[in-house]
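So the chains spell out like this:
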Amino acid sequence: MRRIEKGSEPLWFSEWKENYSLLNEKEPGYDDLDAGIRRKLRMSLIGEQGYICCYCMRRIDVDSSHIEHFKPRHGFPALELDYSNMFASCTGQENELRFTDWHCDVRKDDWFDEKMPLLTNTEIEKCVRYTLNGSVRPFHDIEDSRTSVEKAMIDHLGLTAPYLVRNRRKAIQESELMEENDFGTEDWEELLRFFDNKQKGKYEEYCGMFTQIISREYLS
């Protein structure tokens, strides 16, 4: 997973909420957002996330994403229109008959654990350990409260879904990590910067996986 650099609430969204309250004499809820507003919100969220899912880091766009509430609407109704609690998730659909496991917000549903780091916190990058074969496991080896939360995250987000494992493995196999090269430290550091930064407004798919593996396997 990758920390999300959250921006301020868009001015147009603040104005929409204010105008709704004036016209209807009540505060708006999430169900009051029409399709156009939701699409505009998704565009804003996707842009600040660099066009990757907030959980699995798959490539997403405005037509292949959902608005995700990190703290679910069911348990935190006061936050359902709080922009800082909104993110963009993939739809969790593989569209391939042989893959049936759901993942990300569709699988997560109303699950939430207060011990889980915020998506905007750097600690979120130390919850899942990625391997060169595309699999994942808890980041920490010692069995303690952190490991328990990490296991729950992997399970409730469906990060072991065969579709995701296959795609992560394929991305690694097609990358510089699997090429026969004589990279030195500076070369690996340059590659790390590439995955750690947006290219024309977009992160590479599974960028957090690559930055973690490069740092651990080639620069440690």
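Preceding this paragraph is the structure being described.
Residues numbered from 1 in each chain as written. Predicted model: local features only at pLDDT ≥ 70, side-chain atom pairs only at ≥ 80, totals over all residues. Heavy atoms only, no water.

### Brief notes about the packing of aromatic side chains
Piece 1. Counted according to the given criterion, the structure contains 10 aromatic pairs.
Piece 2. Between Phe-13 and Trp-16, the aromatic rings sit 6.3 Å apart at their centres with planes inclined by 10°, giving stacked as the arrangement. Placement of both Phe-13 and Trp-16 in helix α1 (residues 11–24) is noted, with a separation of 3 residues, approximately one turn of the helix.
Piece 3. Aromatic side chains Phe-70 and Phe-87 sit 6.4 Å apart centroid to centroid with 75° between the ring planes, which places their arrangement in the edge-to-face category. Of this pair, Phe-70 sits in the loop between β1 (65–69) and β2 (86–90) while Phe-87 sits in strand β2, placing them 17 residues apart in sequence.
Piece 4. Using a relative accessible area of 2% as the deciding quantity, one classes Phe-70 as buried.
Piece 5. Of the residues examined, Phe-87 reaches a relative accessible area of 2% and is grouped as buried. (Phe/Tyr/Trp six-rings, centres within 6.5 Å; stacked < 30°, edge-to-face > 60°. Helix = DSSP H or I, 4+ residues; strand = E, 2+ residues; numbered from the N terminus. Buried < 20%, exposed > 50% of the residue type's maximum accessible area, 1.4 Å probe, protein only.)

### Focus: unusual backbone geometry
Piece 1. A positive phi angle is found at Tyr-51, which is not glycine, with a value near 65°.
Piece 2. Mapping Tyr-51 onto the fold places it in the loop between α2 (35–48) and β1.
Piece 3. The exposure class assigned to Tyr-51 is partly exposed, which follows from its relative accessible area of 28%.
Piece 4. The phi dihedral of Asp-109 is positive, around 55°, even though this residue is not glycine.
Piece 5. As for its position among the elements, Asp-109 is in the loop between α3 (105–108) and β3 (128–130).

### A word on the pairing of β2
Piece 1. Burial runs high along β2: 5 of the 5 residues are buried.
Piece 2. Because side chains alternate across β2, one face comprises the buried residues Met-86, Ala-88 and Cys-90, and the other comprises Phe-87 and Ser-89, equally buried.
Piece 3. In this sheet, β2 lies alongside β1 in antiparallel orientation, the contact comprising 5 bridges. Paired with Glu-68 across the strands is Phe-87, a residue of β2. (Pairing = 2+ DSSP bridges.)

### What about the environment of Gly-29?
Piece 1. Tracing the backbone shows Gly-29 in the loop between α1 and α2.
Piece 2. The exposure class assigned to Gly-29 is buried, which follows from its relative accessible area of 12%.
Piece 3. Along the chain, Gly-29 and Leu-81 lie 52 residues apart, while their C-alpha atoms are 6.6 Å from each other.

### Regarding helix α7 (residues 207–218)
Piece 1. End to end, α7 covers 16 Å across 12 residues, agreeing with the expected 16 Å (1.5 Å per residue, within 8%).
Piece 2. All buried positions along α7 are accounted for by Cys-207, Gly-208, Met-209, Phe-210, Thr-211, Gln-212, Ile-213 and Ile-214.
Piece 3. The inward-facing, buried residues of α7 contact β3, α5 (162–173) and α6 (185–196). (Expected span 1.5 Å × (residues − 1). Contact = heavy atoms within 4.5 Å.)

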